[in-house]
Amino acid sequence: MGKEPFETLFTPDRLEGLFPAERADQFFEALFGDASEGSYDIQLRYDGFHDDQLKFVFHLTERPGKCLSCSLTYGLPHVFSRHPVIDVASLVREIDQLLDGSHRCGAWEMGRTREIDHNNHAVPLLVKIDPAT
């Protein structure tokens, strides 16, 4: 499976199904006891296939009246990798199921948070892809 089939597989609608927008509120509810305390929305985006890795990003967008840069987004890779609401391990299992046996998801890792601009940050999710055996 080359790059193009992965692009057609990981559409924005399918990614919304894997990681619904309301999960950000659930995350902040778990962290702060109040979803309105959250300073950003979280969207899962597909970022391509390279070096036998599927690349996704958790795209963080500042909420109106909040400060994304004031949040501790640089610690998020560690938090996201372990937090039960974000549940990256289950997300990777769901991605594996979408591959429908043509490939298998192997090890995954969270990359370092990068600032796109003042209002947008990205937290990479890299998933090793192995051919099905």
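None of the values given here were measured: they were computed from a predicted structure.

Some points on the overall build of the protein
Helices and strands together make up the secondary structure of the protein, namely five helices and five strands. Going from N to C terminus, the protein has its helices and strands arranged as α-α-α-β-β-α-α-β-β-β. In summary, the protein has a C-alpha radius of gyration of 15 Å against a globular reference of 14 Å for 133 residues, a match within 12%. When its C-alpha atoms are laid out on the principal axes, the protein stretches across 50 × 25 × 25 Å. Taking all 133 residues of the protein together, the buried fraction comes to 43%. A separation threshold of at least 6 residues defines the contact pool for the protein, and within that pool the share at least 24 residues apart is 61%. Entry remark: accessible area of the protein is about 7,200 Å², with carbon and sulfur atoms responsible for 49%.

Remarks on the packing of aromatic side chains
Enumeration according to the criterion identifies eleven aromatic pairs in this entry. Relative to F10, the ring of F6 has its centre 6.4 Å away and its plane inclined at 20°; by these criteria the two rings are stacked. Each member of the pair F6 and F10 is classed as buried. With a centroid separation of 5.5 Å and 85° between ring planes, the pair formed by F27 and F80 is classed as edge-to-face. Highlighted residues: F27 in helix α3 (residues 22-32) and F80 in helix α4 (residues 76-82), separated in sequence by 53 residues.

Side note on the confidence of the model for the protein
Here the protein averages 92 in pLDDT, while 95% of its residues score no lower than 70. Mean pLDDT per element in the protein: helix α1 (residues 3-9) is the minimum at 75, and strand β2 (residues 53-62) is the maximum at 97.

A word on the pattern of salt bridges
Side chains that carry opposite charge are capable of pairing whenever their charged atoms lie near each other. Applying the stated criterion across every chain, the model contains four salt bridges. For R63, the salt bridge goes to D41, with nearest N and O atoms at 2.8 Å. Taken together, the residues R63 in the loop between β2 and α4 and D41 in strand β1 (residues 40-50) connect sequence positions 22 residues apart. Note on R63: relative accessible area 12%, which makes it buried. On the basis of relative accessible area, D41 is assigned to the partly exposed category, the value being 37%. For the salt bridge of D52 with K128, the shortest nitrogen-to-oxygen distance reads 3.9 Å.

A look at helix α5 (residues 88-98)
Looking only at α5, the buried set comprises V88, S90, L91, V92, I95 and D96. Those residues of α5 that are buried are in contact with α2 (12-18), β1, β2, α4, β3 (103-110) and β5 (120-131). Backbone geometry just after α5 places D100 at a positive phi near 55°.

As for the nonpolar core
Of all hydrophobic cores here, the largest spans 32 residues; its most connected members are F10, I42, L54, F56, F58 and F80. Excluding anything up to four places from it in sequence, I42 contacts F19, A21, A24, F27, F58, H59, L60, F80 and I86.

Examining unusual backbone geometry
One non-glycine residue with positive phi stands out, namely D87, at about 50°. Structurally, D87 can be placed in the loop between α4 and α5. Taking the relative accessible area as the measure of exposure, D87 reaches 29% and is therefore partly exposed. The phi dihedral of D100 is positive, around 55°, even though this residue is not glycine. Under the relative-accessibility criterion, D100 is labelled exposed at 68%.

What counts and what doesn't
- Residues numbered from 1 in each chain as written.
- Predicted model: local features only at pLDDT ≥ 70, side-chain atom pairs only at ≥ 80, totals over all residues.
- Heavy atoms only, no water.
- Helix = DSSP H or I, 4+ residues; strand = E, 2+ residues; numbered from the N terminus.
- Rg over C-alpha atoms; globule rule 2.2 N^0.38 Å.
- Buried < 20%, exposed > 50% of the residue type's maximum accessible area, 1.4 Å probe, protein only.
- Contact = heavy atoms within 4.5 Å.
- Areas by Shrake-Rupley, 256 points an atom, 1.4 Å probe, with all protein chains shown as cover.
- Phe/Tyr/Trp six-rings, centres within 6.5 Å; stacked < 30°, edge-to-face > 60°.
- pLDDT = per-residue confidence, 0-100.
- Salt bridge = Lys/Arg side-chain N within 4 Å of Asp/Glu carboxyl O.
- Core = buried A, V, L, I, M, F, W, Y, C linked by side-chain atoms within 4.5 Å.

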